[in-house]
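# Structure assessment
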Amino acid sequence: MSYEHHVLNPATEELVATVPATTVHEVDTAVVRAAAAQRTWSALAPADRARALRRFAVKVDEHLEELARLEVREAGHTIGNARWEAGNVRDLLDYAAGGVERLSGRQIPVPGGLNVTLLEPLGVVGVIAPWNFPMPIAAWGTAPALAAGNAVLLKPAETTPLTALRLAELALESGLPEHLFQVLPGAGDVTGNALVEHPGVAKIVFTGSTRVGKQIMATCADRVKRVTLELGGKSPNIVFADADIEAAAAATPMSFLDNSGQDCCARTRVLVQRSAYDRFMERLGPAIESVVVGDPAEEKTQMGPLISKVQLERVRSYVTGDLDTITGSAPEGPGFWFPPTVVTGVDPAAPVAAEEVFGPVAVVLPFEDEADAVRLANATEYGLSGSIWTRDSGRAIRVSQAVRAGNLSVNSHASVRYWTPFGGYQQSGLGRELGPDALTAFTETKNVFISTESTEA
Ligand code: NAD
């Protein structure tokens, strides 16, 4: 049965495009074609594969503004963010291209012969992406997988297939072989699931909710299929009394409002040492109120709408009338708007403080001392990111070592760079993406022993 997805502009609710979904039968065909393309691709000289990826990067760069404008329309991202996102795809392709000729195995000394360890491509890789960062997250899996000699089948989220489809066109225009990188839009439980179950797909790279990630891991387990999971988060922003409180408060709004809070790394639990609590809150209130929320296509806009009506209802359900809040502004009328919101005076176990809201909502919780801060920071099933604000370098190191999370920053909220590893502890994920080892994650290790014993009589 064929079906299609309606892509709406989240800022206006206008129809942007209608995209046919990929059937299970079409997934089968895509896998067969990808496998054939992969055999040719992996047989190319490394320098030729690298050159092809660089040409793709140049093509993305030439269409950066077009891709960014498309992301504004399909996902409601601010234009500044969307330009960064398209640029991130270009940079990932360039970085991965640099790894092709450096993807070397090892030679380990053994008696009686030569022992070599080879890194071979896996074959066809399935990348399943969420709607919150459609371009970068697609590229986090796709670029290193291609560079390591694999073919990629990318399943974008139902609400945001357009930039992924455009990237596939640009790949072809840049000269990448046909069928090597295919985009298969469709429903998660149909098209996505077909990729996960398919015996011809060697690895699944999944980014999305912890709930779906667990299902995918279970399906992969049945086939012992390789899987990387990048899942949810409820990251702490720990502000010690010895920190530059002015700077910490000024940086707090965009640490959870960027991308309207639809960010797995959003610092949504602001933990503030009690002795600095009042000083911090005096500064945080005006900072929240001054965030510019509105048309994401405007250069000055800092925060746009949520992705969909479903997401808006979900965020609303966490912010009930009896909570103490500080709120910023949001446009009235069409679009999926929710204002920047800070919740105070809640128990750390309350749903808004413990669950991933995935909207522009953070809670502020006081703590007493360093041990209490670490206890609160770690009181979560997640472990993706976190920030530590302090002027005491010993404390910065101690707390970085004590917080169980994959990506921490001190006196900063930056946590994603394409050349450093990224991923989560606990229920925030499994495996790592990005960084110098990204290509290796798309290879199988083979050890070969070659005897040097003479066979002459
Ligand atoms: P989601 O889990 O609903 O969907 C993610 C993708 O999985 C979509 O493409 C969807 O179609 C597909 N999918 C859904 N059910 C499937 C199934 N049964 N089989 C195969 N594929 C299926 O998540 P979402 O709502 O799109 O994204 C938001 C979530 O993603 C948040 O929880 C967020 O924290 C997480 N996220 C994590 C990271 C990270 O790097 N850790 C980055 C971004 C987003």
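Remember, predicted model here, so these are calculated numbers, not experimental data. (Residues numbered from 1 in each chain as written. Predicted model: local features only at pLDDT ≥ 70, side-chain atom pairs only at ≥ 80, totals over all residues. Heavy atoms only, no water.)

## Things to note about the overall build of the protein chain
Formally: Going along the chain from the N terminus, every DSSP run of H or I of four or more residues is numbered as a helix, and every run of E of two or more is numbered as a strand. Relative accessibility under 20% of the residue-type maximum defines a buried residue, over 50% an exposed one, and the middle range a partly exposed one, all with a 1.4 Å probe and only protein chains included. Contacts were defined at the residue level, with two residues in contact if any of their heavy atoms lie within 4.5 Å. The method behind every accessible area is Shrake-Rupley, applied with a 1.4 Å probe, and residues are considered shielded solely by the protein chains displayed. In this tally Asp and Glu are treated as negative and Lys and Arg as positive; neither His nor the chain ends contributes. Here the site of a charge means atom NZ of a Lys, CZ of an Arg, CG of an Asp or CD of a Glu.
Counting its secondary structure elements, the protein chain contains 14 helices and 18 strands. If one aligns the C-alpha atoms of the protein chain with their principal axes, the spans along those axes are about 85 × 55 × 40 Å. Taken across its 457 residues, the protein chain has 56% of its residues classed as buried. A sequence separation of at least 24 residues applies to 73% of the contacts in the protein chain between residues at least 6 apart. For the protein chain, the computed accessible surface area is about 19,100 Å², with 53% contributed by carbon and sulfur atoms. Seen as two clouds, the 39 positive and the 54 negative side-chain charges of the protein chain have centres 4 Å apart.

## A word on the sheet that holds strand β3 (residues 106–107)
Note the cut-off: The criterion for strand pairing is that DSSP finds at least two bridges linking the strands in question.
Pairing is antiparallel across the open sheet formed by three strands, whose spatial order is β3-β4-β18. One side of each edge strand has no neighbouring strand; the edge strands of this open sheet are β3 and β18 (443–451). Inspection of the sheet shows β3 paired to strand β4 (residues 113–121) by two bridges, in the antiparallel sense. Bridging from a neighbouring strand, Gln-107 pairs with Val-116 of β4.

## A short note on the side chain of Thr-22
How we decide: In protein, a polar contact means a hydrogen-donor-capable atom and an acceptor-capable atom, both N or O and within 3.5 Å, with residues adjacent in sequence counting only if both atoms are side-chain atoms; elsewhere, any N or O pair within 3.5 Å suffices.
Counting through the fold element by element, Thr-22 comes out in the loop between β2 (15–20) and α1 (24–43). Within the structure, the side chain of Thr-22 is placed 2.6 Å from the backbone oxygen of Pro-185, a separation counted as a polar contact. Among residues more than four places away in sequence, those in contact with Thr-22 are Tyr-3, Val-27, Leu-184, Pro-185, Gly-186 and Thr-191.

## Let's talk about the site of the ligand
Here is the rule we go by: The rule for a residue being near a molecule or strand is that one of its heavy atoms must lie within 4 Å of it.
The environment of the ligand is formed by 29 residues, the closest being Ala-129, Lys-155, Ser-209, Leu-231 and Glu-356. Contact between the ligand and Trp-131: an oxygen atom at 3.1 Å from a side-chain N or O atom of the residue. A distance of 2.6 Å is found between an oxygen atom of the ligand and a side-chain nitrogen or oxygen belonging to Ser-209. The fraction of the free accessible surface of the ligand (850 Å²) that becomes covered by protein chains is 90%.

## Observations regarding helix α3 (residues 64–75)
Applicable threshold: The length a helix should cover is 1.5 Å for every residue beyond the first.
In a regular helix each residue adds 1.5 Å, so twelve residues correspond to 16 Å; α3 covers 16 Å between its end C-alpha atoms and thus fits that length. Within the sequence span of α3, burial applies to Leu-64, Leu-67, Ala-68, Leu-70, Glu-71, Val-72, Glu-74 and Ala-75.

## Observations regarding the sheet that holds strand β12 (residues 324–327)
How we decide: Interaxial angle, 0 to 180 degrees, is taken between N-to-C directions of lines fitted to C-alpha atoms, where a helix line uses only the stretch in contact.
Taken together, seven strands build an open sheet; the order of strands is β12-β13-β14-β11-β10-β15-β16 and the sheet is mixed. The sheet is open, and its two borders are formed by β12 and β16 (407–410), each paired with just one other strand. For this sheet, the mean inter-axis angle between neighbouring strands, taken without regard to orientation, is 20 degrees. The pairing of strand β13 (residues 341–344) with strand β14 (residues 361–367) spans four bridges and is classified as parallel. Looking across to β14, one finds that Val-342 is bridged to Ala-362.

## Examining the UniProt feature "domain: Aldehyde dehydrogenase" (unreviewed entry) in the protein chain
Heads up, the condition is: UniProt positions are given in the numbering used here, feature names are shortened, and annotations may be inferred rather than shown by experiment.
The UniProt record marks residues 5–448 with the feature "domain: Aldehyde dehydrogenase" (unreviewed entry), using the residue numbering of this structure. Helix makes up 40% of residues 5–448 and strand 19%. Its end C-alpha atoms lie 49 Å apart.

## Notes on the pattern of salt bridges
Should the charged atoms of two oppositely charged side chains come close, the side chains can pair. For clarity, the threshold we go by: Whenever a carboxyl oxygen of Asp or Glu lies within 4 Å of a side-chain nitrogen of Lys or Arg, that contact is scored as a salt bridge.
One pass over the full model with this rule turns up 22 salt bridges. Residues Lys-446 and Glu-120 are paired through a salt bridge, measuring 3.0 Å at the closest nitrogen-oxygen approach. Residue Lys-446 is found in strand β18, and its partner Glu-120 is found in strand β4; the two are separated by 326 residues along the sequence. Residue Lys-446 is classed as partly exposed on the basis of its relative accessible area of 37%. With its nearest N and O atoms 2.9 Å apart, the salt bridge here joins Arg-395 to Glu-370. On the criterion of sequence distance, the pair formed by Arg-395 in helix α14 (residues 393–402) and Glu-370 in helix α13 (residues 370–377) is long-range, its members being 25 residues apart.

## A word on the UniProt feature "active site" (unreviewed entry) in the protein chain
Summarizing the sequence annotation, UniProt attributes the feature "active site" (unreviewed entry) to Glu-230 in the numbering used throughout. Locating Glu-230 in the fold gives a position in strand β9 (residues 226–230). Look at Glu-230 and you get buried, because its relative accessible area is 2%.

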